[in-house]
Amino acid sequence: MGFNAFSGEAGQDFSDLLKTTPASDARGNGSDSAAFAAGFSDEELEAVVGPERRWSWIEIDLSAIRHNIGVAKRRLAPGCKLMAVVKANAYGHGAVQVSKTALAAGASHLAVATVNEGIQLRRAGIEAPVLVLSEPPASAIPLLLRYRLMPSVYTVEFAVAYGEAADTHGVRAPYHLAVNTGMNRIGVRFDEAVEFARRIGFHRALVQEGTFTHFATADCAETLDFTMQLRRFNETVAALRAAGIDPGLVHCANSAAILRYPETHMDMARLGISLYGFHPCPETRGYFDLRPAMSVHARITAVNTPPLSEGVSYGMNYRSTGSVKICAVPVGYADGFVRALSGRTSVIYDGRLCRQVGNICMDQCMFEVDLRSHGTARRPDPHVGDEVLLVGAQNGVAVTIEDLCELLGTIPHELCCGLSMRMPKVYLR
């Protein structure tokens, strides 16, 4: 398969199952689990990893992550820092592996969505500054301080509680001020930011290490709302400085703004979806060479040759033409290969596109291999164990995440997160 690293984060370890599963369930008799495991060392069991436990997996090309960091850094203004956004398990790509790769490639900061995501990075030995892109509940403050995670701050109550807890333990309480410039999701409203900063500025433990906003339409062709948000943010930062308040690292650029609007780069920029190789909008295509890092693989688990007119899968909304083989692979909607794709996409087998047929099931789906002759073309001969690409490129043909998004009316962010739910990941260096 050409991989050299495996992440087992997608499922429970089999050795744990051996310890917790009653032998009567596993063997159908009363022998204990130790007897069931007799003859198998822990090392042997733990060596059966990822795709060897179930023939479906996601490959993450870390060289693509490094390449995309390079694209962004070459675009940024000199001296502008880069924050890698690794929330939601790095958009399904694996937060720890992606974070380490991004930092080694030149990112200086990381951004997550939850306290747990930040703790995961710290426990993996990552020491870089980590920003939580929201204000967590006050009950999480001890975790912020213990794991050195910077929250976004936009309520006085949280800020004071955060500062008090830090002061009690003799440590600093760093944070980034979130400014609402028009997206109206989170943040202190832009015209109230100075007053807010004054209300919490008395606390000696609080340290404003950054100020940021988020654009709602940097990826849209229409620029009116984007221009308004940028103007409001610039005016807010200027007002903070005029009031003698140090805004810290000023950042507002997301992936679309990094690529489209150099005037947004400021002290730092946040690379999100483009870190993973996806264009944030049609306007950036053809101008920047982004490389998708994720591909989805499986192996054939069954091959059937149903007679003419026999159906396939639930509902039997596909029926055999009598000249096809139907191949099953262990990928279904519980793996993020959503049911709405049923009969609408293709997979790549033996360097050619093959139509996915029948309703996608929870754990499996099927595809059709046409056995009819096509001139001098070699007839495909699928077997159990043959590899299939559900997302990726081979022999000049491709099925991309964007292709699937177009069919589903969604965005790569959602699809990548879904595909990561259960399938193990292997990392290409």
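See the structure above.
Residues numbered from 1 in each chain as written. Predicted model: local features only at pLDDT ≥ 70, side-chain atom pairs only at ≥ 80, totals over all residues. Heavy atoms only, no water.

## Some words on the overall build of the chain
Of regular secondary structure, the chain possesses 15 helices and 22 strands. Taking the principal axes of the C-alpha coordinates as reference, the chain spans close to 80 × 60 × 35 Å. Here the chain, with 429 residues, has 50% of them falling under the buried criterion. The long-range share in the chain, meaning contacts at least 24 apart out of those at least 6 apart in sequence, stands at 68%. Per element, the accessible surface of the chain, about 19,400 Å² overall, is 52% carbon and sulfur. The chain carries 41 positive and 44 negative side-chain charges, and their two centres are separated by 3 Å. (Helix = DSSP H or I, 4+ residues; strand = E, 2+ residues; numbered from the N terminus. Buried < 20%, exposed > 50% of the residue type's maximum accessible area, 1.4 Å probe, protein only. Contact = heavy atoms within 4.5 Å. Areas by Shrake-Rupley, 256 points an atom, 1.4 Å probe, with all protein chains shown as cover. Lys, Arg positive; Asp, Glu negative; His and termini not counted. Charge placed at Lys NZ, Arg CZ, Asp CG, Glu CD.)

## Some words on helix α8 (residues 115–123)
Listed in full, the buried residues belonging to α8 are Val-115, Glu-117, Gly-118, Ile-119, Leu-121 and Arg-122. Those residues of α8 that are buried lie in contact with α6 (87–91), α7 (95–105), β4 (109–112), β5 (130–132), α9 (141–146) and β6 (149–153).

## Some points on the environment of Leu-103
In this structure, Leu-103 sits in helix α7. Exposure remark for Leu-103: the relative accessible area of 24% places this residue in the partly exposed category. Sequence separation between Leu-103 and Ile-69 is 34 residues, and the spatial gap between their C-alpha atoms is 9.3 Å.

## With respect to helix α14 (residues 401–408)
For α14, every residue scored as buried is listed here: Ile-401, Leu-404 and Cys-405. Seen along its axis, α14 keeps its buried residues to an arc of 105°; they face one direction. Positive backbone phi, approximately 70°, marks Gly-409, located one or two places after α14. (Arc of directions from axis to C-beta.)

## With respect to the side chain of Ser-56
As for its position among the elements, Ser-56 is in strand β2 (residues 56–61). On the basis of relative accessibility, which here comes to 0%, the residue Ser-56 falls in the buried class. A polar atom in the side chain of Ser-56 sits 3.1 Å from the backbone oxygen of Pro-330. (Polar contact = N/O pair within 3.5 Å; in protein donor to acceptor, adjacent residues only side chain to side chain.)

## Considerations on the packing of α14 against helix α15 (residues 412–419)
Closest axis-to-axis distance for the α14/α15 pair is 9 Å, and the angle between their directions is 110°. When the axis of α14 is compared with that of α15, the two are roughly perpendicular. Every residue of α15 that contacts α14 at Ile-401, Leu-404, Cys-405 and Leu-408 is listed here: Pro-412, Leu-415, Cys-416 and Leu-419. When grouped by side-chain class, the residues that make up the contact of α14 with α15 number eight nonpolar, no polar and no charged. (Axes fitted to C-alpha atoms, helices over the stretch in contact; angles between N-to-C directions. Parallel < 35°, antiparallel > 145°, perpendicular 65-115°, else oblique. Nonpolar A, V, L, I, M, F, W, Y, C, P; charged D, E, K, R; others polar.)

## Notes on a negative patch on the surface
On the surface, Asp-42, Glu-43, Glu-44 and Glu-46 cluster together into a patch of negative charge. Within the secondary structure, Glu-44 is located in helix α4 (residues 42–46). (Patch = residues over 30% accessible without salt bridge, like charges linked within 9 Å, V, L, I, M, F, W, Y side chains within 5 Å. Salt bridge = Lys/Arg side-chain N within 4 Å of Asp/Glu carboxyl O.)

## Some points on the pairing of strand β11 (residues 268–271)
Working note: regular strand, side chains alternate between the two faces of the sheet. The alternating pattern of β11 places Met-268 and Arg-270 on one face and Ala-269 and Leu-271 on the opposite face, and all of these are buried. Bridge analysis of strand β3 (residues 81–85) against β11 gives four bridges, and the strand direction is parallel. Across the sheet, the residue bridging to Leu-82 is Ala-269, located in β11. Summarising the sheet, strand β10 (residues 249–253) and β11 pair through two bridges and their orientation is parallel. (Pairing = 2+ DSSP bridges.)

## Some thoughts on the nonpolar core
Judged by nonpolar contacts, the single largest core of 120 residues is most densely connected at Val-86, Leu-121, Tyr-162, Ile-258, Tyr-276, Phe-367 and Leu-390. For this core, the element with the most residues is helix α5 (residues 62–75), which contributes six residues. Excluding residues that lie within four positions of it along the chain, Leu-390 makes contacts with Val-296, His-297, Ala-298, Val-331, Phe-337, Ser-346, Val-347, Cys-365 and Val-399. Residues Ile-326, Ala-328, Cys-361 and Met-366 belong to the second largest nonpolar core, which totals eight residues. (Core = buried A, V, L, I, M, F, W, Y, C linked by side-chain atoms within 4.5 Å.)

## Points about the side chain of Asn-359
For Asn-359, the position within the fold is in the loop between β18 (352–357) and β19 (365–370). Judged by relative accessible area, which is 11%, Asn-359 ranks as buried. In this structure the side chain of Asn-359 is engaged in a polar contact, spanning 3.1 Å, whose partner is the side chain of Asn-317.

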